[in-house]
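Remarks on the overall topology
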Amino acid sequence: MSEQKLSRILGNKDVIALAFGAMIGWGWVVTTGIWITGAGSLGAILAFVIGGILVIFVGLTYAELASALPLAGGEHVYTYKAMGRTASFIATWAIILGYVSVVAFEAVALPTVFEYLIPNYSMGYLYTIAGWDVTITWAGVGILGSVIVAWINYRGIKFTTAITFILTLLIVMAGVLLITGSTAAGNFQNMEPLFEKGMAGLLTVVIMTPFMFVGFDVIPQAAEEIKLPQKKIGQLLIFSVVLAVVWYIAVIFGVSRVLSPEEIGASNLVTADAMAKAFGNSQFMGNLLVLGGIGGILTSWLGFYVGGSRAIYALARAGMLPKSLGELHPKYNTPYKAIILIGVFSTGAPLLGRPALVWLVDAGGLGLVVAWFMVAVSFIILRKKAPDMKRPFRLRGGTAIGWIAAFMAGGITLLYMPGMPSALIWPYEWIIVGVWVILGFILYKVSIAKYGKGYADKKMKEEIDRIA
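Please read all numbers here as calculations on a predicted model, not as lab measurements.

This paragraph deals with a nonpolar patch on the surface. On the surface, L42, L46, V49, I53 and F195 cluster together into a nonpolar patch covering about 380 Å² of accessible area. Tracing the backbone through its elements, the reader meets F195 in the loop between α8 (157-185) and α9 (198-206).

Written out as structure tokens, the structure reads:
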């Protein structure tokens, strides 16, 4: 089993579709209204500029490390080489929280978007969570979607990326129509107020941005499956980040031009209503945008199954999680047990109802920025510790970019803490984080006790030496 390797088959368009599709997802379809009402039209754009700058700096540190150390698990490898085994586990477990929360988020998102296409389909009351009624049909749509997405990932990376590419084209078509139509049909008056709730409004939207931009880091997770020159991996990663920043800003601009603040406040699905209004109140165009949104749910869902399962596979391969999670399917060459494990989390999420959307965004966002911070610190350490390491995508400016990325990621991490205007919600969001930390601690301690510290270090050294 140890001789079995992941299949190296992904080309340019596969990599861009995987990263862009994972980053864009469906957040733009359903939460654009929350951003605009939360910070004002220009405030929301500014929040995404700030978030975008953070992600570009973090992305640059990833780009250098991903091209230098193209191994499955990404963060797992960089932090191990820089700071050792325990730091490597913490960073990877944090990013897995981010990935699993996105996967679970999409399972709750799918039935939410379905309500626009089929109003009042939610039937068969089960129970109430945080004021939200969970029904059989509503949860059923999320559970069915989750099973299908898990099956696609189980069947192999090429199958996954082929479907992702087709769906990404659908998203781009719907999004471009929305951006051009609403920009042309709208006016500047609708964009007022430009700022809402001052600095608190701005920061509340800023802490949502890591969750909206996460996805570029799926590229390093799948590095062992990319069949391209190492330098190209870094270039494609940065290209996909810049594309996503431009995309979000253009969507906020278009929607705020075509819909007034009152219309945004009254809308259940702001982008779909903006699309309909931009094309003469056309319900067909509104539905077309929703189909693009469903495409986004699926691309994001697929991408994070890839990221999460490869991160779990990398930890298991190094003996930091139970080794069975690192087994590859004899036919499809996928880490199928890791995929099934993520599938269990994803399939259970719709049973928590719609309030879980916000809990998952915030708790997962904290996991992501912690991992990004640790990657930026690893970038700085490796510049000092391994100056001669081959870096096909070498950044100019020494460690400066790493320091900026670490400072920004660290600063955003603080915004989640108690006492901040944008702190995590007690108890729900802290429970998610707390349970995840305890689960990781137990699994790590049990795995290290079973396989030994020497095993983990030996496996990591073998992997790194293999590409040196």
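From this point, the narrative continues.
Right, let's get into the packing of aromatic side chains. Applying the stated criterion to the full structure yields 22 aromatic pairs. On the basis of an interplanar angle of 55° and a centroid distance of 4.5 Å, the ring pair of W35 and F48 is categorised as tilted. On the criterion of sequence distance, the pair formed by W35 in helix α3 (residues 32-39) and F48 in helix α4 (residues 41-68) is long-range, its members being 13 residues apart. Summarising the aromatic geometry, the rings of F48 and Y248 are spaced 5.1 Å apart at their centres and angled 35° between planes, so their arrangement reads as tilted. With F48 in helix α4 and Y248 in helix α12 (residues 230-258), this residue pair connects regions lying 200 residues apart in the sequence. F48 gets classed as buried once you look at its relative accessible area, which sits at 0%.

What follows deals with the pattern of salt bridges. Applying the stated rule across the entire model yields 16 salt bridges. Residue E224 is joined to R317 by a salt bridge in which the shortest nitrogen-to-oxygen separation is 2.8 Å. Of the two residues, E224 is situated in the loop between α11 (218-221) and α12 and R317 in helix α15 (residues 283-317); the sequence distance between them amounts to 93 residues. In this structure E224 comes out as buried when scored by relative accessible area, which is 4%. Measuring nitrogen to oxygen at the nearest pair gives 3.4 Å for the salt bridge that ties E463 to R317.

Criteria and thresholds
Residues numbered from 1 in each chain as written. Predicted model: local features only at pLDDT ≥ 70, side-chain atom pairs only at ≥ 80, totals over all residues. Heavy atoms only, no water. Patch = residues over 30% accessible without salt bridge, like charges linked within 9 Å, V, L, I, M, F, W, Y side chains within 5 Å. Areas by Shrake-Rupley, 256 points an atom, 1.4 Å probe, with all protein chains shown as cover. Salt bridge = Lys/Arg side-chain N within 4 Å of Asp/Glu carboxyl O. Helix = DSSP H or I, 4+ residues; strand = E, 2+ residues; numbered from the N terminus. Phe/Tyr/Trp six-rings, centres within 6.5 Å; stacked < 30°, edge-to-face > 60°. Buried < 20%, exposed > 50% of the residue type's maximum accessible area, 1.4 Å probe, protein only.

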